[in-house]
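Structural overview for review
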Amino acid sequence: MRDSMHPILKSFIAGSTSGLFSTVLFQPFDVVKTVLQNPRNDRKLGIINATKSVWQQESYYGFWRGLSPVSTYQYMYFIFYISLTQLIYSYLTKNNQTSMVKSGIAGFSARCITVSVLMPVTVLKTRIESGQFSYTTLIRGLSEMYRLEGWKVLCRGWTPTILRDAPFSALYFMFFIKLKNIRLLEELDNKQPTYVFGCGLLAGGLASCLTQPFDVIKTSQQLSKEKLLLIDAIILIKQKYGILGYFKGLSLRVLRRSLMAALTWTVYEQLS
């Protein structure tokens, strides 16, 4: 029993440690991206103006806006996601028959479960980062949303979040495993941290670009104080920003998700 629990325990420790460290380091990218993607801003913002807006509101503290509840979210998120991904992937490849399809299934399945379980915290996280909502703690924020807007607000944006995160995780883990198993040079050790980090960086960039529109739609829905249907969010973004609106914050998301995923999986593999 002890041996069977050992890999699970390692996954929890490695996943939580790497996830928490990455969250604190890259939180400013997420805050600026959320402000940038909000279709209800009085004026159209670029990255520089969005950054200035955060600074004007709360100085440099604003870039780590809501770090306590956000860290709690990311802590739980990485524990669930990384552990589930590894467990599912290990099960699918127990006969040492690895493939990109199995990697994709593991990433997709783990993210669907994780997103569904933590959806209420995802809504709270997005709202805190926008600077338009003030929630002092995780529990108080969730209870206030429920009290003022009903239980459905806790699941707002579930569809675009699934459409963003599940394909992202499937694509990312497929690319990551494939790249990690490629030997560029005979003497190159594909277990070296720099090699793993490079694989994670490239995989994260590719997956982020392909799923960006759903990130913008998700943010629009979750920042709405009234119910906003998926099609209404799509129309709202198109009317205000045009087609390019579905790619607002792409550079920030690519940078954050690529670096965060690369660092998280590198730290995870070194710890486990």
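Numbers given for residues are sequential positions, taken from 1 along each chain in its written order. Local features in a predicted model are, by the rule used here, given only for residues with pLDDT of at least 70; side-chain atom pairs are given and counted only at 80 or more, and totals for whole chains, interfaces and linings are based on all residues. As a rule here, side-chain values come from all non-hydrogen atoms in the structure, and water together with hydrogens is ignored.

1. Details of the overall build of the protein chain
Along the protein chain, the regular secondary structure elements total ten helices and zero strands. Only DSSP runs of H or I reaching four residues or more are called helices, and only runs of E reaching two or more are called strands; each is numbered from the N terminus. Listing the helices and strands of the protein chain from first to last along the sequence gives α-α-α-α-α-α-α-α-α-α. The cut-offs for exposure are 20% and 50% of the maximum accessible area for each residue type, with area from a 1.4 Å probe on protein chains only; residues under the lower value are buried, those over the upper are exposed, and the others partly exposed. Put simply, the protein chain has 272 residues, and 49% of those count as buried. We call two residues contacting when some pair of their heavy atoms lies within 4.5 Å. Partitioning the intrachain contacts of the protein chain with sequence separation of at least 6 by distance along the chain shows that 76% fall at a separation of at least 24. As presented, the protein chain carries roughly 13200 Å² of accessible surface, and 65% of it is formed by carbon and sulfur atoms. A 1.4 Å probe and the Shrake-Rupley method give the accessible areas. Residues count as covered only by the protein chains that appear here.

2. Details of the environment of V216
Turning to its location among the elements, V216 is positioned in helix 8 (residues 193-222). When its relative accessible area of 1% is taken as the criterion, V216 is described as buried. When the C-alpha atoms of V216 and L36 are compared, they prove to be 9.5 Å apart, with 180 residues separating the residues in sequence. Non-local contacts of V216, meaning those with residues more than four positions away in its chain, are made with Q37, I237, G245, Y246, F247 and K248.

3. As for the packing of helix 8 against helix 9 (residues 230-241)
The axes used here are C-alpha line fits, helices contributing only the stretch in contact, and every angle between their N-to-C directions lies in the interval 0 to 180 degrees. Their axes nearest at 9 Å, the elements helix 8 and helix 9 cross at an angle of 105°. The angle between the axes of helix 8 and helix 9 places the two elements in the roughly perpendicular class. Of the residues in helix 9, those touching helix 8 at V216, I217, S220 and Q221 are L230, A233, I234, L236 and I237. Under the scheme applied here, ten amino acids are nonpolar (Ala, Val, Leu, Ile, Met, Phe, Trp, Tyr, Cys and Pro), four are charged (Asp, Glu, Lys and Arg), and all others, including Gly, are polar. Looking at side-chain class alone, the contact of helix 8 with helix 9 contains seven nonpolar, two polar and no charged residues. Angle categories: roughly parallel below 35 degrees, roughly antiparallel above 145, roughly perpendicular from 65 to 115, and oblique for all the rest.

4. A short note on helix 8
Multiply 1.5 Å by the residue count of a helix minus one, and that product is the helix's expected span. With 30 residues, helix 8 extends only 37 Å from end C-alpha to end C-alpha; this falls clearly short of the ideal 44 Å at 1.5 Å per step. Bending of helix 8 peaks at approximately 60° at the position of T211, with proline P213 no more than four residues after it. One fitted axis covers the seven residues ending at a residue, a second covers the seven starting there, and the bend at that residue is the angle between these axes.

5. Overview of helix 6 (residues 138-149)
Compared with an ideal rise of 1.5 Å per residue, which puts twelve residues at 16 Å, helix 6 spans 16 Å between its outermost C-alpha atoms and is within 8% of the ideal. After helix 6 finishes, the residue G150 shows a positive phi value of roughly 85°.

6. Comments concerning the packing of helix 4 (residues 100-117) against helix 7 (residues 158-180)
Closest axis-to-axis distance for the helix 4/helix 7 pair is 7 Å, and the angle between their directions is 145°. The handedness of the crossing between helix 4 and helix 7 is right-handed. In the contact of helix 4 with helix 7, the residues fall into 15 nonpolar, six polar and three charged. By definition, turning the near helix anticlockwise from the far helix through less than a right angle yields a left-handed crossing, and turning it clockwise yields a right-handed one.

7. A look at the layout of surface pockets
A cavity here means a set of points on a 1 Å grid, drawn over the protein atoms and nothing else, where a 1.4 Å probe fits but cannot get out; a pocket is an open set with protein on both sides within 12 Å along at least five of seven lines, and a residue lines either one if it has an atom within 4 Å of a point. Grid points are joined across faces, edges and corners, and a volume is the space filled by probe spheres set on the points. As a volume, the second largest pocket reaches approximately 230 Å³. K152, C155, R156, G157 and K227 are the residues nearest the centre of the second largest pocket, which is lined by 14 residues in total. Sort the elements by how many residues they give to the lining of the second largest pocket and helix 7 lands first, with three residues. A class-by-class count of the residues in the lining of the second largest pocket yields eight nonpolar, three polar and three charged.

8. As for a nonpolar patch on the surface
Taken together, W55, Y60 and Y61 make up a surface patch of nonpolar side chains, about 400 Å² in accessible area. By secondary structure assignment, the location of Y60 is in the loop between helix 2 (47-58) and helix 3 (67-92). For patch building, the residue pool is restricted to those with more than 30% relative accessible area and no salt bridge; the joining distance is 9 Å between like charges and 5 Å between nonpolar side chains (Val, Leu, Ile, Met, Phe, Trp, Tyr). Every case where a carboxyl oxygen of Asp or Glu lies within 4 Å of a side-chain nitrogen of Lys or Arg is listed as a salt bridge.

9. Details of the environment of L148
Residue placement: L148 occurs in helix 6. Separated by 77 residues in sequence, L148 and K225 have C-alpha atoms that sit 9.8 Å apart.

10. Digging into the pattern of salt bridges
For the structure on display, the rule yields eleven salt bridges. We note a salt bridge from D165 to R111, for which the minimum N-O separation is 3.7 Å. Of this pair, D165 sits in helix 7 while R111 sits in helix 4; the two residues are 54 residues apart in sequence, bridging distant segments of the chain. Each of the two residues, D165 as well as R111, counts as buried. In this structure, D215 engages R164 in a salt bridge whose closest nitrogen and oxygen atoms are separated by 2.4 Å. One end of the pair, D215, is in helix 8; the other, R164, is in helix 7, with 51 residues separating them in the sequence. Residues D215 and R164 agree in their burial class; the two are buried.

11. Quick word on the packing of aromatic side chains
Describing an aromatic ring pair means giving the distance of the ring centres and the angle of the ring planes. Note on aromatic pairs: the rings of Phe, Tyr and Trp (six-membered ring only in Trp) are paired at centre separations within 6.5 Å, and the planes decide the class, stacked below 30 degrees, edge-to-face beyond 60, tilted for the rest. Counted by the stated rule, this structure contains three aromatic pairs. Ring centres of F168 and Y172 lie 6.0 Å apart, and the angle between their planes is 10°; on these two criteria the pair is classed as stacked. Placement of the pair is F168 and Y172 together in helix 7, with a separation of four residues, close to one helical turn. Residues F168 and Y172 agree in their burial class; the two are buried. Where Y172 meets F176, the ring centres are 5.7 Å apart and the plane angle is 10°; that geometry is what we call stacked. One end of the pair is Y172 and the other is F176, both in helix 7 and four residues apart, which spans about a single turn. What makes Y172 buried here is its relative accessible area of 1%. Three or more aromatic residues joined by ring pairs make a cluster, and in this case those are F168, Y172 and F176.

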